[in-house]
Amino acid sequence: MFINRSEIKVTPSVIIGCEGKGTEAVVRCRDLVQQEIFRGNPDALRDFDPLQFLVVDSGPQPLESSGTDHGIETLSIAFDRIERVIDNPDFPASGSGVVKILRQMPEFRDYKGMLTALPSSSLGNSTCPPLGAMNFLASWNSIKEGLRARLMYWKQESKTGIKTNDWKKYNQIFIVAGLFGGTGSGTHIHLAAMLRSLLAELEIPNTAIYGIFLLPDIIENADDAGKMKLRANAYSCLKELDHFLSGNPYTLEMDTKKLIVSNTTKDMLFNKVFLVND
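The structure reproduced in this document is the subject of the present report.

Calculation rules
- Residues numbered from 1 in each chain as written.
- Predicted model: local features only at pLDDT ≥ 70, side-chain atom pairs only at ≥ 80, totals over all residues.
- Heavy atoms only, no water.
- Helix = DSSP H or I, 4+ residues; strand = E, 2+ residues; numbered from the N terminus.
- Rg over C-alpha atoms; globule rule 2.2 N^0.38 Å.
- Buried < 20%, exposed > 50% of the residue type's maximum accessible area, 1.4 Å probe, protein only.
- Contact = heavy atoms within 4.5 Å.
- Areas by Shrake-Rupley, 256 points an atom, 1.4 Å probe, with all protein chains shown as cover.
- Lys, Arg positive; Asp, Glu negative; His and termini not counted.
- Charge placed at Lys NZ, Arg CZ, Asp CG, Glu CD.
- Core = buried A, V, L, I, M, F, W, Y, C linked by side-chain atoms within 4.5 Å.
- Salt bridge = Lys/Arg side-chain N within 4 Å of Asp/Glu carboxyl O.
- Expected span 1.5 Å × (residues − 1).
- Polar contact = N/O pair within 3.5 Å; in protein donor to acceptor, adjacent residues only side chain to side chain.

1. As for the overall build of the chain
Part 1 of the reasoning: Scanning the chain from terminus to terminus reveals 8 helices and 10 strands.
Part 2 of the reasoning: Expected size for 278 residues packed as a compact globule is a radius of gyration near 19 Å; at 19 Å, the chain falls within 12% of this value.
Part 3 of the reasoning: In terms of overall dimensions, the chain has a C-alpha envelope of 60 × 45 × 35 Å along the principal axes.
Part 4 of the reasoning: Sorting the 278 residues of the chain into buried and exposed places 48% on the buried side.
Part 5 of the reasoning: Within the chain, counting contacts between residues at least 6 apart in sequence, those at least 24 apart form 72% of the total.
Part 6 of the reasoning: Here the chain displays about 14,000 Å² of accessible surface, and carbon together with sulfur accounts for 51% of that area.
Part 7 of the reasoning: Of note, the chain has its 30 positive side-chain charges centred 6 Å away from the centre of its 33 negative side-chain charges.

Right, here's the structure in full:
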């Protein structure tokens, strides 16, 4: 690939990878941008505020493909008291974040049994999207503050010679996630809602949020039973996405008031969704 750098004009963008495969995709994007626009200089890319790369995961994880550190800031969703969320449908009853989390999850699931499949929530969510969602919602405030800090950097003007489009006229956020495990499947919709809330608070206008979602056929090392579970997760996620993309509102119970994304006009979780299969 060859890019004529004199003709580059960058649109302010935030690229967020959720969990393993989403993270792998975002790291690949970061590496290409670093090589082709910044001549392989990681410091130059880090200092270029209009492009922000982030990972949202159960905790800092090495790359699945190589076991190496990817070097991108990770916002951890793991909640160290997740058992309290599972045991008490009214936890938390109050506070500045999401309340009564379990009551907002699908009923009649053995969440505690699924939780025991891993020694810690920081290691994953047992291929269970509701567990991923519960961890994300219970960690709402810390994740939101991490995103807020990055969006504040994002608003700053570039001090490099690379031209950028005016972020007030148009900017974009990409959420890249697998729709088959527990973390990406459980967080992508809530992450988009959080971003819409933050964009309004920070008065960042004209932001398109794009979902790039990976389907389970990209997983090569699962047995038949494993593939069936992954496909069931993906089917459930796609049904939920279709519900919101059809114009139905997203609602989340907060302590002071409900967070609502109407999914009409400009108030949408996702402006466009792209599905990636093998």
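2. Focus: the nonpolar core
Part 1 of the reasoning: Membership of the largest hydrophobic core comes to 55 residues, with the highest contact counts inside it found for M134 and L147.
Part 2 of the reasoning: With 8 residues, the single largest contributor to this core is helix α7 (residues 183-201).
Part 3 of the reasoning: When near neighbours in sequence (up to four residues on either side) are disregarded, M134 contacts I82, V85, I86, I101, L102, M105 and Y111.
Part 4 of the reasoning: Of all hydrophobic cores here, the second largest spans 19 residues; its members include V33, I37, L45 and V176.

3. Describing the pattern of salt bridges
Part 1 of the reasoning: Taken as a whole, this structure holds 10 salt bridges when the rule is applied.
Part 2 of the reasoning: Between R148 and E201 there is a salt bridge whose closest N-O contact spans 3.0 Å. Residue R148 is found in helix α6 (residues 140-154), and its partner E201 is found in helix α7; the two are separated by 53 residues along the sequence.
Part 3 of the reasoning: Its relative accessible area of 22% is what places R148 among the partly exposed residues.
Part 4 of the reasoning: You can call E201 partly exposed: its relative accessible area is 41%.
Part 5 of the reasoning: The structure contains a network of salt bridges with shared partners spanning K144, E145, R148 and E201.

4. Here's the deal with helix α8 (residues 224-245)
Part 1 of the reasoning: A rise of 1.5 Å per residue sets the reference length of α8, with its 22 residues, at 32 Å; its end C-alpha atoms lie 31 Å apart and thus fit the reference within 8%.
Part 2 of the reasoning: Residues of α8 that are buried in the fold lie against α5 (129-138), α7, β7 (207-214) and β8 (250-253).
Part 3 of the reasoning: Capping of α8 at its N-terminal end is provided by D223; its side-chain oxygen lies 3.3 Å from the backbone amide nitrogen of A225.
Part 4 of the reasoning: Immediately beyond the C-terminal end of α8, within one or two residues, lies G247, with a positive phi of roughly 105 degrees.

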